Amino acid sequence: MQPITVKLLHWYDSHHRILPWRISPRDRLAGVVADPYRVWLSEIMLQQTTVEAVKPYFRAFTEKWPTVTHLASASQDDVLRAWAGLGYYSRARNLKKCADIVCAEFGGRFPIDVAGLKSLPGIGDYTAAAIASIAFDLPTAVVDGNVERVITRLYALATPMPFAKPEIRLRMQAITPDERPGDFAQAMMDLGATICTPRRPACVICPLNDNCEALRTTDPEFFPVKAPKKEKPVRVGAAFVAASTDGEVFLRSRIETGLLGGMAEVPTTGWTARLDGDTDVDAAPFPANWISAGSITHVFTHFELRLAIYRAGEVQKDIAADGWWVKVEKLTGEALPTVMKKAIAAAIPDAFAKRRKEE
DNA sequence: GATCCGTGGGG
DNA sequence: TCCCCAAGGAT
């Protein structure tokens, strides 16, 4: 093993993070094996998502669906409801598709090779390598954002992203050991998350500071080099929150594909398209006593949305088609993305208010 | 290769 | 407040 590999594994043995989906090096040494289902589920949830945001969702999913077979038996809508709030909803749709395939075509067991894993929906280069190394002990180069940062610093790779990816992969492959490849991959990610951070890395306490070319010659914070990002356009639209006399809100389903695909929404104008939506009350989905309830702003990955909010009370339930009515208290159980919770909260301020403990 | 896809937290 | 970005994948 290379010096870097030995040092990092040694560091990991005493400084690894304790995570709900992780087998500690001590337990691993004692013969505890990782559950591929839990590894897969955690890796999908962790895509572009912070550890702290994932933890409660991981607990909820594994409690509700302890095995991939349980998950396959759930409906897509069940999965979307449980995923609501975590973002990137195509992950949830692909999660369900993947579970179905694993159960129907692989007898409930994940393929134990990178190519087989990559063929499954929602599993790309990173996730296939992560599952292969963490769950199956295959010495595969696991490259995520942390690894990109650590490697470009270790070797002072100044090629801008994403053009540096091939070089990064080669460097990672070269230091990935045949023994404990999963621990090594997780060690690289822990190092990137806790010490080799994007800003103000803690080089003084880094186990690899003697090996870091960026630290020796310049400032590690310069790496990885990235192209400047473009500004976000602003889109506008309107959302319509209709309430019935018996305290229910009208919801409908979004189309399966694209932004917030398959999730629930209150009726809105067409802000999803490049063109801005209508912000006027005349664009309401059905006639009612619409009253302005202000506006909300929500920032997506590639645009900013400003929605005018309208509310109407005492709406006849038979006036609206292609949707359903739900009690305000039951809204939490719906597959509502955050932007829709904001819209509803603007119209019904206590819709998602947390229950106060009785005095 | 570039673009589309959420959200919440930290500096 | 604003900007950055976090264990990426699909098209």
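Residues numbered from 1 in each chain as written. Chains lettered and ligands numbered in written order. Predicted model: local features only at pLDDT ≥ 70, side-chain atom pairs only at ≥ 80, totals over all residues. Heavy atoms only, no water.

The name given to chain A in an unreviewed UniProt entry is Adenine DNA glycosylase, with the source organism recorded as Phyllobacterium zundukense. In the Sequence similarities (unreviewed entry) part of its UniProt record, chain A is described as follows: "Belongs to the Nth/MutY family." Turning to chain A, the UniProt record has this under Function (unreviewed entry): "Adenine glycosylase active on G-A mispairs. MutY also corrects error-prone DNA synthesis past GO lesions which are due to the oxidatively damaged form of guanine: 7,8-dihydro-8-oxoguanine (8-oxo-dGTP)." (UniProt positions renumbered as here; feature names shortened; annotations may be inferred.)

What exactly am I supposed to notice about the nonpolar core here?
Nonpolar side chains in soluble globular proteins tend to end up buried together. Counting residues in hydrophobic clusters, the biggest one holds 101 residues, and the most contacted among them are Trp-40 and Phe-110. Looking at which element gives the most residues to this core, the answer is helix α9 (residues 125–136), with nine residues. Two domains share this core, each providing at least three of its residues, namely domain 1 (3–222) and domain 2 (234–347). (Core = buried A, V, L, I, M, F, W, Y, C linked by side-chain atoms within 4.5 Å. Buried < 20%, exposed > 50% of the residue type's maximum accessible area, 1.4 Å probe, protein only. Helix = DSSP H or I, 4+ residues; strand = E, 2+ residues; numbered from the N terminus. Domains from an automatic or database assignment.)

Mind showing me how you'd approach the confidence of the model for chain A here?
Interpretation of the predicted coordinates at a detailed level should be avoided for regions scoring low in pLDDT. Summary statistics for chain A give a mean pLDDT of 94 and a share of 97% for residues scoring 70 or more. For the stretch residues 355–359, pLDDT sits under 50, and the model shows one contact to residues farther than four places along the chain or on other chains. (pLDDT = per-residue confidence, 0-100. Contact = heavy atoms within 4.5 Å.)

Honestly, the protein's contact with DNA strand C in this entry has me stumped. Any pointers?
Inspection of the region around DNA strand C gives 25 residues, with Gly-122, Thr-127, Asp-144, Asn-146 and Pro-198 positioned closest. Counting only the atoms of DNA strand C within 4 Å of the protein, the fraction contributed by sugar and phosphate is 66%. Within the side chain of Trp-21, an N or O atom sits 3.2 Å from a base nitrogen of DNA strand C. Elements supplying a minimum of two residues to the surface near DNA strand C: α3 (36–46), α9 and α10 (145–154). Classifying every residue of the surface near DNA strand C gives eight nonpolar, nine polar and eight charged. (Near = heavy atom within 4 Å. Polar contact = N/O pair within 3.5 Å; in protein donor to acceptor, adjacent residues only side chain to side chain. Nonpolar A, V, L, I, M, F, W, Y, C, P; charged D, E, K, R; others polar.)

Just checking my understanding: could you explain helix α6 (residues 76–83) for this structure?
In an α-helix, one full turn covers 3.6 residues, which means residues spaced three or four apart are oriented alike. Along α6, the residues classified as buried are Val-79, Leu-80 and Trp-83. Projected down its long axis, α6 shows its buried positions confined to an angular sector of 100 degrees, all on one face. Buried residues along α6 sit against α3, α4 (51–64), α5 (68–73) and α7 (90–106). (Arc of directions from axis to C-beta.)

Where do I start with the side chain of Arg-252 in this structure?
Assignment of secondary structure puts Arg-252 in strand β2 (residues 248–253). Look at Arg-252 and you get buried, because its relative accessible area is 18%. A polar contact is formed between the side chain of Arg-252 and the backbone oxygen of Thr-268, at a distance of 3.3 Å.

Explain the protein's contact with DNA strand B here, please?
In the vicinity of DNA strand B, 20 residues are found, and the nearest of them are Leu-260, His-298, Thr-301, His-302 and Thr-338. Sugar plus phosphate, as a fraction of atoms of DNA strand B within 4 Å of the protein: 66%. At 2.5 Å from a phosphate oxygen of DNA strand B is found a main-chain nitrogen or oxygen belonging to Leu-260. A distance of 2.7 Å separates a phosphate oxygen of DNA strand B from a polar atom in the side chain of His-298.

So what exactly am I meant to see when it comes to the packing of aromatic side chains here?
Aromatic ring pairs are reported here in terms of the distance separating the ring centres and the angle at which the planes meet. Counted under the stated rule, the structure contains 13 aromatic pairs. Where Phe-61 meets Trp-65, the ring centres are 5.1 Å apart and the plane angle is 70 degrees; that geometry is what we call edge-to-face. On the basis of relative accessible area, Phe-61 is assigned to the buried category, the value being 0%. Looking at Trp-65, the relative accessible area reads 6%, which means it is buried. For the pair Phe-240 and Trp-290, a centre-to-centre distance of 5.2 Å together with 70 degrees between the ring planes defines the contact as edge-to-face. Here Trp-290 lies in the loop between β3 (264–265) and β4 (291–299) and Phe-240 lies in strand β1 (residues 234–242), a separation of 50 residues in the sequence. The class of Trp-290 is buried, set by a relative accessible area of 12%. A connected cluster of aromatic rings, assembled from ring pairs, spans Phe-240, Phe-250, Phe-286, Trp-290, Tyr-310 and Trp-325. We note Arg-171 situated over the ring of Tyr-155; from NZ or CZ to the ring centre the distance is 4.3 Å. Lying across the ring of Phe-303, Arg-235 places its NZ or CZ 3.8 Å from the centre. (Phe/Tyr/Trp six-rings, centres within 6.5 Å; stacked < 30°, edge-to-face > 60°. Lys NZ or Arg CZ within 6 Å of the ring centre and 35° of its normal.)

Looking at this model, I keep getting lost on the domain arrangement of chain A. Mind explaining?
How big an interface is tends to be expressed through the accessible area that disappears when the partners come together. When its domains are assigned, chain A resolves into domain 1 (3–222) and domain 2 (234–347). Here the C-alpha centre of domain 2 lies 36 Å away from the C-alpha centre of domain 1. Residue-level contacts link eight residues of domain 1 with 14 residues of domain 2. Buried area between domain 1 and domain 2, summed over both chains or domains, comes out near 810 Å², and the portion from carbon and sulfur atoms is 50%. Its largest share of buried area at the contact with domain 2, domain 1 owes to Arg-81, Tyr-89 and Arg-93, together 53% of the area lost on that side. (Buried area = accessible area lost by both parts, 1.4 Å probe.)

Looking at this structure, I do not really get the packing of α3 against α9. What am I missing?
Axis angle and axis distance: for two packed helices, these are the angle between their axes and the distance between the axes, and together they describe the pair. Following both chains from N to C, one finds α3 and α9 inclined at 150 degrees, their axes separated by 10 Å at the closest point. Once α3 is placed against α9, the crossing between them reads as right-handed. Across the interface between the two elements, Pro-36, Val-39, Trp-40, Glu-43 and Ile-44 of α3 pack against Tyr-126, Thr-127, Ala-130, Ile-131, Ile-134, Ala-135 and Phe-136 of α9. Taken together, the residues of the contact of α3 with α9 break down into ten nonpolar, one polar and one charged. (Axes fitted to C-alpha atoms, helices over the stretch in contact; angles between N-to-C directions. Left-handed = near helix turned anticlockwise from the far one by under 90°.)

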